[in-house]
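An overview of the molecular structure
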Amino acid sequence: MSEALLERLIDFAEAGNQQKITLEGTTYQGWVMEITEEGLLISTGYNDKKGKDIWLSPSQLQKANLSFWNNANSQWEVFTL
């Protein structure tokens, strides 16, 4: 993973209250838990029974639509890598 992509993913993780990643018709909404050279871990749901932890690779993330919840505007905002 390039340094520039890593920095943008950190910016994405720190943006807003929650993050949303849509990839190939599937949407993952929750919180970014970890970013490594291998990808990004997003935790969805609000407890162990409903939530899942999903790893997405850098190549998947570059094809995905990213957005974050902006509390100031109470709406989802697009985030571009």
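What you see is a predicted model, and the numbers here were worked out from it, not measured in a lab. (Residues numbered from 1 in each chain as written. Predicted model: local features only at pLDDT ≥ 70, side-chain atom pairs only at ≥ 80, totals over all residues. Heavy atoms only, no water.)

In this section: the packing of aromatic side chains. In the structure shown here, the tally under the stated rule is three aromatic pairs. Measuring from ring centre to ring centre gives 5.2 Å for Phe12 and Phe79, while their planes differ by 45°; the resulting arrangement is tilted. Taken together, the residues span a long stretch of sequence, with Phe12 in helix H1 (residues 3–14) and Phe79 in strand S6 (residues 75–79) at a distance of 67 residues. Side by side, Phe12 and Phe79 carry an identical accessibility label, which is buried. Between Trp69 and Trp76 the ring centres are 5.4 Å apart and the planes differ by 75°, which places this aromatic pair in the edge-to-face class. Looking at Trp69, the relative accessible area reads 25%, which means it is partly exposed. With a relative accessible area of 26%, Trp76 lands in the partly exposed category. Among the aromatic residues, those joined into a cluster by ring pairs are Phe12, Phe68 and Phe79. (Phe/Tyr/Trp six-rings, centres within 6.5 Å; stacked < 30°, edge-to-face > 60°. Helix = DSSP H or I, 4+ residues; strand = E, 2+ residues; numbered from the N terminus. Buried < 20%, exposed > 50% of the residue type's maximum accessible area, 1.4 Å probe, protein only.)

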